[in-house]
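Each chain is listed here by its residues.
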Amino acid sequence: MSFNPATMNNNGLFPTYDFRTADLYWHFLNVYGITAENFREKFPPWAFSMQGSRPASGEDVYEPPSGWNAYGANDWWLHVQPRHTPDGKGAVTTVTGGQTEYGALPPATKDPLVGALVNLAGDSFPIADLTAQEQFGDGHFPRAAHHSAATMADNNPDSIWSTAFFVNRIQIGDKTDSEKYFYGDIEDDVHSSARWNNFSRNLNLKDDVFRDGTGATVIQACVRRENLQFASDESPLMNAVKQEMENQKALGVMVRFSVYLTHYFTAPEFATCTTQKERFIRLLDLWKQDLDAGNPPRRNPCVSRVVGTIGLWHDREFATVPGGRFLAPENSMPLVDAKGHPVNGPDGKQRQAWFGPAVAEVHKSSGGTRFVSLDLEATVPEVDAAGEKETAFGTLELFVQVPGSGAGTTKTVAEIKPEAYDRQAYEATSGIIDVPVDGKVTDADLATGTLGVRCKPNSQQITMLTEKVLTAQTDSRSNYIDQGGTGTVVIEVRDRGVIPTGAVKLLLQQYVPDPLPPARNADSWVKPAPDVLTITPGTVVDVVDGRAEIAFKAAATVGKDPQLPVIAFFPYEAGSPQPAVPDKVTWVGPGWSFASAFYCCVRMLPFDNGLPAEFAKDCEAHGNNQKAAWDFVYRKIFYLYDMIFPVMKHYAALDLGDKTAVDRNIDQILELCATDMANSSLYMPVTRDLSSGKRQVLEMYRNLLRTGKPQEVAK
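No experiment lies behind these values; they were computed from the predicted model shown.

Criteria and thresholds
- Residues numbered from 1 in each chain as written.
- Predicted model: local features only at pLDDT ≥ 70, side-chain atom pairs only at ≥ 80, totals over all residues.
- Heavy atoms only, no water.
- Pairing = 2+ DSSP bridges.
- Helix = DSSP H or I, 4+ residues; strand = E, 2+ residues; numbered from the N terminus.
- Axes fitted to C-alpha atoms, helices over the stretch in contact; angles between N-to-C directions.
- Buried < 20%, exposed > 50% of the residue type's maximum accessible area, 1.4 Å probe, protein only.
- pLDDT = per-residue confidence, 0-100.
- Contact = heavy atoms within 4.5 Å.
- Salt bridge = Lys/Arg side-chain N within 4 Å of Asp/Glu carboxyl O.
- 1 Å grid on protein atoms, 1.4 Å probe; cavity = no way out; pocket = protein on both sides within 12 Å on 5 of 7 lines; lining within 4 Å.
- Points joined across faces, edges and corners; volume = space filled by probe spheres on them.
- Disulfide = S-S within 2.5 Å.
- Phe/Tyr/Trp six-rings, centres within 6.5 Å; stacked < 30°, edge-to-face > 60°.
- Lys NZ or Arg CZ within 6 Å of the ring centre and 35° of its normal.

Peer 1: Looking at this structure, I do not really get the sheet that holds strand E35 (residues 533–536). What am I missing?
Peer 2: Two orientations exist for strands paired in a sheet by backbone hydrogen bonds: parallel and antiparallel. Taken together, four strands build an open sheet; the order of strands is E30-E32-E37-E35 and the sheet is antiparallel. Unpaired on one side and paired on the other, strand E30 (470–473) and E35 mark the two borders of the sheet. If you compare each strand with its neighbour and ignore which way they point, the axes differ by 30 degrees on average. As defined by bridge partners, E30 adjoins strand E32 (residues 487–495) across four bridges and the pair is classed as antiparallel. Bridged to Ala472 within E32 is Val493.

Pasting the structure below:
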């Protein structure tokens, strides 16, 4: 998989972007002599040069503020272009096998579908002027039906917990026909999100994984049966999916995949570089060479490993959240070497290995054998950049704590040997392990008990995962509200993976990033004082038929600076004490972390409701002069994207710093930034930080171009 994000708004080591107002962060840039008056001359050479910074680790780091992929477009693919792999051959995501029965191992690998290419595409648009070669793409996929790439955007660009993915179509085919076997369109109002974000997924014991490469996430998308097209019947595996969808009256098809082991600077040009500083210096030189030659600066996407599954999507299951009984990280395992000595990190402390979350479902095979289908797709960590699994956990025990038997009484459901979760097994089944249920465990034990996973390395028993009996999730993870606007979210609550039969309530807790934006990347949530959102009907909500709906808007106490809060969900049984809410949530740990918390993100867009009146006044003062109007529009809106998203100029032939280019394309710009395009991969700006006030100013500017007057338009 390739990710091609734009990196100049991420505020990694250099907080250049003020998320609150969608501006350059002048307070920070002024230190470097960059101001609102001279940024066009001063900002680019500074951003594309090596600068020193001292992060929390205390070690000096030298990088360009532009980041490692300044010319990215926030697009992503389930394949890697040849020029972005060291061997120059590229890589694709393919079907490797399938199972049509629980416990059926090894997976079937002789099906015609095996080896077929899997792809995710964005929304379609007319590109009739492409040549036949251009329509064929990069040799991996034709651009069937003129689909764009899928895109991505961080609700909070300063965070690691808020990425949304905008996908339109799922495809399975080959190099000549991307939809030879199957394709289907996702509903227009649905976006996928990064789930179970786990930045301790790779233990990085050899220190050979760069920065966020240690992280992993899970992405899920679903297609309703009425939007599915099975284009071939030659695959028994695909035919089985189709038949079972009918037999089980399923809603449609689910595609879920785990993204992990991300590598940066993968192109052959970086092969001789031995340090990150050398790679950045080489990258800046390559960009300069491209520009000097009159070519678009090359993109430098990161490349991730991916495994995934295709299965059925059932009624009342989430479209974008893995379903089943949710097992969350509970404890870590201290790491030791082959001689039993502690493995210490740079801080001198013993390194800890955490599991990521897992989900479980209880099923019976056609022969009546009971299985727990355990999805460890995001669970067991890798050791280093090679991607081998850490198997020092030894034999894992899936257990159930039996109700009423006391806190210490459990029953073993099944044992899982290391060879069942090592790299080979993981890649063969995407981490899904079907374990037969021990005969001593009754159906009632499974239905009413609490599941867990523990290990016993070095005779020390450690519970690594514990089931959260009540869960609360939403498909609306990423939300945006304008000044004075209101957002709504539907939250679904489950009891051991099914709709609760008893009375359940939902406690809501607001958090804000720590440190507050704009700053270097936040690494935790903390409770705000005072609250930044007004939530209706309140902070405690009744759950009816497994569902609750809330509305939210900016609190009056927010003032002039919009915030980027998180709303966390804490379900509990009615009549029981409210759950203890943590004061702080961070990226790893027991109980609640970015990997295991239930939440949604809210971005308050810049408070620009007064901007249209300001624009009208400015136009009047200048006699509706188009050049003066352009200066206002550029200074208030386009300058940001001109500076930190140069991909528009070099790859979309749209120079946002040029009046003629913008005037020529103003209709298309307004079409793509319309609110009803918000969940489209074609939406502009891809960062989704354009306020309603700024959109109105653009419409008024178009009116000025057409009629000579900037008539104000309705919101």
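Further notes follow.
Peer 1: What is the right way to read the sheet that holds strand E20 (residues 325–329) from this model?
Peer 2: The eight strands lie next to each other as E26-E25-E28-E29-E20-E23-E24-E27, forming an open sheet whose pairing is antiparallel. Unpaired on one side and paired on the other, strand E26 (410–416) and strand E27 (432–436) mark the two borders of the sheet. For this sheet, the mean inter-axis angle between neighbouring strands, taken without regard to orientation, is 30 degrees. Inspection of the sheet shows E20 paired to strand E23 (residues 358–364) by three bridges, in the antiparallel sense. Residue pairing in the sheet places Leu327 in a bridge with Ala358 of E23.

Peer 1: Is there a simple way to explain the pairing of strand E19 (residues 302–313) in this structure?
Peer 2: One face of the sheet, then the other: side chains in a regular strand alternate in exactly this way. For E19, a buried count of nine out of 12 residues is recorded, marking the element as mostly surrounded by other parts of the structure. Sheet topology places strand E1 (residues 2–4) next to E19; two bridges connect them, and they run antiparallel. Paired with Phe3 across the two strands is Cys302, which belongs to E19. As defined by bridge partners, strand E18 (residues 252–263) adjoins E19 across 10 bridges and the pair is classed as antiparallel. Residue Ser258 lies in a different strand from E19, and its bridge partner there is Val307.

Peer 1: What is the right way to look at the confidence of the model for the protein chain in this model?
Peer 2: Any segment with low pLDDT has predicted coordinates that should not be analysed in fine detail. Taken residue by residue, the protein chain gives an average pLDDT of 91. The fraction at 70 or more is 95%. The low-confidence segment residues 127–145 (pLDDT under 50) makes 43 contacts with residues lying over four places distant or belonging to another chain.

Peer 1: Explanation requested: the pattern of salt bridges in the structure shown.
Peer 2: Any two side chains of opposite charge can pair if their charged atoms end up close together. Overall, the coordinates contain 39 salt bridges when judged by the stated rule. For Asp174, the salt bridge is made with Lys180, and the minimal N-O distance between the two is 3.5 Å. Among the residues examined, Asp174 registers a relative accessible area of 22% and is labelled partly exposed. Taken together, the shared-partner salt bridges connect Arg316, Glu492, Arg494, Asp545 and Arg547 into one network.

Peer 1: It is not clear to me how empty space enclosed by the protein should be interpreted in this structure. Could you clarify?
Peer 2: Remark: the empty space left among the atoms is shown by a probe the size of a water molecule rolled over them. The full count for this structure, using the stated rule, is four cavities of 30 Å³ or more. By volume, the largest cavity is sized at about 80 Å³. Residue lining of the largest cavity: Phe165, Val167, Ile186, Glu187, Val190, His191, Ser192, Ala221, Cys222, Trp313, Ala319 and Thr320, and that is the complete set.

Peer 1: I would appreciate a short explanation of the state of the cysteines in the present structure.
Peer 2: Disulfides are covalent bonds that link the sulfur atoms of two cysteine residues. Scanning all chains against the criterion turns up zero disulfides. With no disulfide of its own, Cys600 lies 6.9 Å from the sulfur of Cys601, the closest cysteine sulfur. The class for Cys600 is buried, based on a relative accessible area of 0%. The cysteine Cys619 is free of any disulfide, with Cys673 supplying the nearest cysteine sulfur at 17 Å. A residue is classified by how much of its surface remains accessible, and Cys619, at 3% relative accessible area, is buried.

Peer 1: Please clarify how the packing of aromatic side chains should be interpreted in this entry.
Peer 2: The geometry of an aromatic ring pair is captured by two quantities: the separation of the ring centres and the angle between the planes. Tallied over the entire structure, the rule returns 39 aromatic pairs. Ring plane angle 15 degrees and centroid distance 6.0 Å describe the contact between Trp26 and Tyr639, whose orientation is recorded as stacked. One end of the pair, Trp26, is in helix H1 (residues 26–29); the other, Tyr639, is in helix H9 (residues 626–644), and 613 residues separate them in sequence. Classification of Tyr639 by relative accessible area gives buried; the value is 2%. Centre to centre, the rings of Phe48 and Trp287 are 5.7 Å apart; their planes meet at 75 degrees, and the pair counts as edge-to-face. Highlighted residues: Phe48 in the loop between helix H2 (39–47) and strand E4 (51–53) and Trp287 in helix H5 (residues 276–292), separated in sequence by 239 residues. Taken together, Trp26, Phe39, Trp630, Tyr634, Phe638, Tyr639 and Tyr701 form an aromatic cluster joined through their ring pairs. The ring of Tyr62 has Lys277 sitting right over it, with the charged end atom 4.6 Å from the ring centre.

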